[in-house]
Amino acid sequence: MTKFDPPRDASLLAGFRSRWSEVNGEYFEVPPGCDSGGMLIDFLRENRLASVVLSGPPLDGGLADALKEKVKVLADFGRETLDRETAVRLCGEADAGITGVDALIAETGTVVAASRLRGDRLCSLLPPVHIAVVGKAPLFENMERFFRALDGDGTLCLITGPSRTADIEKRIVLGAHGPARVVLWVTGINWFLAESCG
């Protein structure tokens, strides 16, 4: 999706995390050597997220398999093709949508998810909780650098925290036009730091 050559600055990750927090995004980093799938299953259980929908790549196939053994997976768009009506219905019924992440943008605290398959955008928009799994996603300093590195055409979702609006009595309301919670699940931090910082 991108030609990756962002600046190598150790402050980028800290800046991203700060911006992500400012927009009410949740950040969970899997410690090196830990079982990401097992920890994600525990997270789903602790948060009473009984059913999920899974997007296609770059979501790791091993993670998808681990989830299927312990959690009710309503749809796995990386492995099955569903008609639009069924895809919309299942994503609307799911407690959480789990997607991969293609890139991160530090300046704005933005997660980039490319839409390759029918369910990719639905997984990130319809369920009340969106879990974005970061494996080997590059970290870019700003939007300009990201768009300069963009290779090819396609549809992208740029996600900067949970959905929010101030239309109702001029108070900020989360989840009015999409997920009320967006959780960044970082599994590739060692690669991430080696490639993005330093």
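Before reading further, recall that the structure is shown in the block above.
Overview of the pairing of strand β12 (residues 181-186)
Both faces of the sheet carry side chains from a regular strand, because those side chains alternate between them.
And step 1. Burial within β12 is extensive, with five of its six residues counted as buried.
And step 2. Note that strand β1 (residues 26-29) and β12 share four bridges and pair parallel. Along β12, the bridge assignment pairs Glu-26 with Val-183.
And step 3. As defined by bridge partners, strand β7 (residues 129-134) adjoins β12 across six bridges and the pair is classed as parallel. The residue bridging Val-134 from the neighbouring strand is Val-186, located in β12.

A short note on the sheet that holds strand β9 (residues 155-159)
Hydrogen bonding along the main chain pairs the strands of a sheet, whether they run parallel or antiparallel.
And step 1. Spatial ordering of the open sheet is given by β8-β5-β6-β9, a layout of four strands whose pairing is mixed. Sheet topology places β8 (139-140) and β9 at the edges, where each strand pairs with a single neighbour.
And step 2. Alignment of strand β5 (residues 103-105) against β8, held across two bridges, turns out to be parallel. Within β8, the position partnered with Leu-104 by the bridge is Leu-139.

Some words on the side chain of Ser-36
And step 1. Among the structural elements, Ser-36 can be located in helix α2 (residues 36-46).
And step 2. Side-chain polar atoms of Ser-36 contact the side chain of Trp-185, separated by 3.1 Å.

With respect to the pattern of salt bridges
And step 1. Going through the model one piece at a time under the given rule, you end up with eight salt bridges.
And step 2. Note that Glu-26 and Arg-181 form a salt bridge whose closest N and O atoms lie 2.7 Å from each other. Taken together, the residues span a long stretch of sequence, with Glu-26 in strand β1 and Arg-181 in strand β12 at a distance of 155 residues.
And step 3. According to the relative accessible area criterion, Arg-181 is partly exposed, its value standing at 23%.
And step 4. In this structure, Arg-148 engages Glu-144 in a salt bridge whose closest nitrogen and oxygen atoms are separated by 2.5 Å. With Arg-148 and Glu-144 both in helix α6 (residues 143-149) and four residues apart, this pair spans about one turn of that helix.
And step 5. Here the salt bridges do not stand alone but share partners, grouping Asp-65, Lys-68, Asp-76 and Arg-79 into one network.

With respect to a nonpolar patch on the surface
And step 1. Together, Val-88, Leu-125 and Leu-126 make up a nonpolar patch on the protein surface, roughly 220 Å² of accessible area in all.
And step 2. The residue Val-88 is located in helix α4 (residues 84-93) in this model.

Overview of α4
And step 1. Taken together, the buried positions of α4 are Ala-87, Leu-90 and Cys-91. Along the axis of α4, the buried residues cluster in a sector spanning 100°; they form a single face.
And step 2. Residues of α4 that are buried sit in contact with β2 (51-54), β3 (72-76) and α5 (119-125).
And step 3. Where α4 begins, the capping side chain belongs to Asp-83, and its oxygen is found 3.2 Å from the backbone nitrogen of Glu-85.

Quick word on the sheet that holds β1
And step 1. Pairing is parallel in the open sheet, where six strands are placed in the order β1-β12-β7-β4-β2-β3. Taken across any chain shown, the strands that pair with only one partner, and hence form the sheet edges, are β1 and β3. For this sheet, the mean angle separating the axes of adjacent strands, direction not counted, is 25°.
And step 2. α2 rests against β1, β2, β4 (96-100), β7 and β12 of the sheet, and its axis sits at about 160° to β12.

The rules behind each value
- Residues numbered from 1 in each chain as written.
- Predicted model: local features only at pLDDT ≥ 70, side-chain atom pairs only at ≥ 80, totals over all residues.
- Heavy atoms only, no water.
- Buried < 20%, exposed > 50% of the residue type's maximum accessible area, 1.4 Å probe, protein only.
- Helix = DSSP H or I, 4+ residues; strand = E, 2+ residues; numbered from the N terminus.
- Pairing = 2+ DSSP bridges.
- Polar contact = N/O pair within 3.5 Å; in protein donor to acceptor, adjacent residues only side chain to side chain.
- Salt bridge = Lys/Arg side-chain N within 4 Å of Asp/Glu carboxyl O.
- Patch = residues over 30% accessible without salt bridge, like charges linked within 9 Å, V, L, I, M, F, W, Y side chains within 5 Å.
- Areas by Shrake-Rupley, 256 points an atom, 1.4 Å probe, with all protein chains shown as cover.
- Arc of directions from axis to C-beta.
- Contact = heavy atoms within 4.5 Å.
- Axes fitted to C-alpha atoms, helices over the stretch in contact; angles between N-to-C directions.

In short, shape yes, function no, at least from these values alone.
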